[in-house]
Amino acid sequence: MKNVKIRDVKAILTQPPRGGRFTVVKIETTEPGLYGLGDASYRTRPLAVKSAIVDYLRPFLIGKDVANIEDIWQSAYVSSYWRNGPVLNNALGGVDEALWDIKGKMAGMPVYDLLGGKAREAAALYAHASGGSLQETEDKAFALLERGFHYIRLQTATPGFATYGSSSGGDRDLNDGPKWIATNVDAADQEHAWAQQAGIFEPMPYMRSAIEMMAHMRNKMGWKVEFLHDAHERLPAIQAVQFAKEMEPFKLFFLEDLFTPGQVDWFKRVREQCSTPLSMGEIINNPLEIVPLVDQRLIDFIRLRVAHIGGITPARKYAAHGEMYGVRTAFQGPGNISPVGVAAHLHLDLAISNFGIQESSEHHESLAEIFPGMPEVHDGYMWANDKPGLGVDIDEEAAMKMPHDPTPSSGAFDNVRRADGTVVTP
Ligand code: MG
């Protein structure tokens, strides 16, 4: 099949009842019935991404030969002159994933085969155990273990304070009970949980409760399970160094987002003082932000979000760069990435040699009606099908009947603040 051109580019904004705020790119071609899908889900600014796709990339792309993914990526990347950023990258990332989907369909091969073939049968997942109390965190962790997960991210509420990954909250009534859920099964609940995280955050109570949680969980679960924790870039830098040192005895699989992207030089201080494995990357979208972290070996896991850094084309280059430096991947995979985006992550996970772990995007089973072929999760692993391309389709008509929730609270992070009113990163 030669000389297949891009005929149209669409942005499908959909929010199924038990899903997240998804944005899916559909590229239609001059070949009847041949199209590709990609993910451009940016839950807090979806209309800006839609405009970047429909108003700017669409006219640029129509008529281009779908065979030339690298050329299309490079030319589209600089077509705005000013580049990177979450809006432009997600738009381009969605287009890029759709082009890989098309190439796979034209070749009759899954994308993981185009990328070199399977380096493993399935991608090991980590799932979230997040509780409003130590007991709840423990119960959720054991429930995950029962289901076959051996990598578990542990978060627990700091009594009386807002805590990332768990609903409690400084100025809220703790008797309301926890609303956060243990896994990504229901992204709609996650959206709800995000909105509850506003409140007062103070570093010291958080650090004490997280260390106490880790000691408790090691005591309860022993050493046959890998533990992870996300600090979510909230700590003042020198306290973050202390925190990483205090976590060392618990032998985490990784400690995530210890610093903001503006404070990454502090990773050097952590490296000088402890061997707690570190991951970073979900809010990074510029090559200059990730490359030095890898080639100075300041982190152990590249936690990029594939569409957010521009799609499969750049993601596989970042992965290859990491391989040269002994740094593994841990692509970000929360429930607010569509099943198409999850598939893009999975195909990379399967094909790259330095795969580390995949965050579980265990979408609710009802989403399979809208996204037939979405990756399956069982026994703690994610499995791809062997259909050509990314292997996921979309029922466009059904998706369009479930538009995004337009209320502002569903589209933004509520502010978390220190006790004196100072804003803290989300
Ligand atoms: Mg995170």
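The shown structure was predicted, so the numbers you read here are calculated from the model rather than taken from an experiment.

(A) Focus on the overall build of the protein chain. Scanning the protein chain from terminus to terminus reveals 13 helices and 16 strands. By principal-axis analysis of the C-alpha atoms, the protein chain measures approximately 60 × 45 × 45 Å. A total of 426 residues make up the protein chain; the buried ones form 57% of that total. If you take every contact in the protein chain between residues at least 6 apart in sequence, the share linking residues at least 24 apart comes to 72%.

(B) Focus on the pairing of strand β4 (residues 123–131). Across the nine residues that make up β4, a large majority, nine, are buried. Of the two faces of β4, the one lined by A123, L125, A127, A129 and G131 and the one lined by A124, Y126, H128 and S130 are each fully buried. Where β4 meets strand β14 (residues 381–383), two bridges bridge the pair, whose relative direction is antiparallel. Note on β14: the bridge partner recorded for A124 is Y381. Where β4 and strand β12 (residues 358–359) come together, two bridges link them in parallel fashion. Looking across to β12, one finds that Y126 is bridged to E359.

(C) Just the pairing of strand β7 (residues 226–230), in detail. Burial runs high along β7: four of the five residues are buried. For strand β5 (residues 151–156) and β7, the ladder comprises three bridges, and the chain directions are parallel. When the bridges of β7 are listed, R153 appears paired with L228. Alignment of β7 against strand β8 (residues 254–256), held across three bridges, turns out to be parallel. The residue bridging L228 from the neighbouring strand is F254, located in β8.

(D) How the structure looks around the environment of G132. Within the element layout of this structure, G132 appears in the loop between β4 and α5 (134–146). Expressed as a C-alpha distance, the spacing of G132 and P159, which sit 27 residues apart in the sequence, is 8.4 Å.

(E) Layout of the nonpolar core. The biggest cluster of nonpolar side chains holds 114 residues, and the ones touching the most others in it are I27, L154, F243, L258, F267, I312 and F371. Split by domain, the residues of this core number at least three in each of domain 1 (6–109) and domain 2 (123–388). If we ignore the near neighbours within four places in the chain, the residues touching F267 are L258, F259, L278, M280, L293, L298 and I299. Ranked by size, the runner-up nonpolar core spans eight residues in total, among them Y126, F253, F301 and I357.

(F) Here's a closer look at the coordination of the magnesium ion. Within the first shell, the magnesium ion binds the protein through D230 (OD), E256 (OE) and E282 (OE), at distances of 2.0 to 2.3 Å. We note that the donor set of the magnesium ion lies within a single chain, spaced as D-x25-E-x25-E. Highlighted residues: D230 in strand β7 and E282 in the loop between β9 (278–280) and α10 (287–295), separated in sequence by 52 residues. Overall, the relative accessible area of 11% leaves E282 in the buried class.

(G) Region of the structure containing helix α12 (residues 339–351). For α12, which comprises 13 residues, the first-to-last C-alpha distance of 18 Å matches the rise-based estimate of 18 Å (1.5 Å per residue) to within 8%. Summarising burial for α12: 13 of the 13 residues are buried, a large majority.

(H) Region of the structure containing the side chain of D257. Here D257 lies in the loop between β8 and α9 (266–273). Look at D257: it is buried, it has no salt bridge, and the nearest opposite charge is R303 at 5.6 Å.

(I) Representation of the domain arrangement of the protein chain in the model. Domain annotation for the protein chain reports domain 1 (6–109) and domain 2 (123–388). The centre of domain 1, based on its C-alpha atoms, is set 26 Å off from the matching centre of domain 2. Inspection of the region where domain 1 meets domain 2 yields one salt bridge. Put simply, K317 and E70 hold a salt bridge, and the shortest N to O gap is 2.7 Å. The interface formed by domain 1 and domain 2 includes twelve residue pairs in polar contact (both at pLDDT 80 or more). Of all the secondary structure elements, the ones that give two or more residues to the side of domain 1 that touches domain 2 are β2 (22–29), β3 (35–39), α2 (69–78) and α3 (86–107). With eleven residues, α3 is the single largest residue contributor to the side of domain 1 that touches domain 2. Its residues assigned to classes, the side of domain 1 that touches domain 2 comprises twelve nonpolar, 13 polar and nine charged.

(J) Focus on the sheet that holds β2. Read from one edge to the other, the open sheet built from three strands follows the order β1-β2-β3, with strand pairing classed as antiparallel. Looking at which strands have only one partner, the edges of the open sheet turn out to be β1 (6–14) and β3. Recorded for the sheet is a direction-independent mean angle of 20° between the axes of neighbouring strands. Bridge count for β2 against β3 is five bridges, and the pairing is antiparallel. Residue pairing in the sheet places K26 in a bridge with L37 of β3. Strands β1 and β2 of the sheet are contacted by helix α1 (residues 46–61), whose axis makes an angle of about 175° with β1.

The rules behind each value
- Residues numbered from 1 in each chain as written.
- Predicted model: local features only at pLDDT ≥ 70, side-chain atom pairs only at ≥ 80, totals over all residues.
- Heavy atoms only, no water.
- Helix = DSSP H or I, 4+ residues; strand = E, 2+ residues; numbered from the N terminus.
- Buried < 20%, exposed > 50% of the residue type's maximum accessible area, 1.4 Å probe, protein only.
- Contact = heavy atoms within 4.5 Å.
- Pairing = 2+ DSSP bridges.
- Core = buried A, V, L, I, M, F, W, Y, C linked by side-chain atoms within 4.5 Å.
- Domains from an automatic or database assignment.
- Donors = N, O, S within 2.8 Å, 3.2 Å for Na, K, Ca; no water.
- Expected span 1.5 Å × (residues − 1).
- Lys, Arg positive; Asp, Glu negative; His and termini not counted.
- Salt bridge = Lys/Arg side-chain N within 4 Å of Asp/Glu carboxyl O.
- Polar contact = N/O pair within 3.5 Å; in protein donor to acceptor, adjacent residues only side chain to side chain.
- Nonpolar A, V, L, I, M, F, W, Y, C, P; charged D, E, K, R; others polar.
- Axes fitted to C-alpha atoms, helices over the stretch in contact; angles between N-to-C directions.

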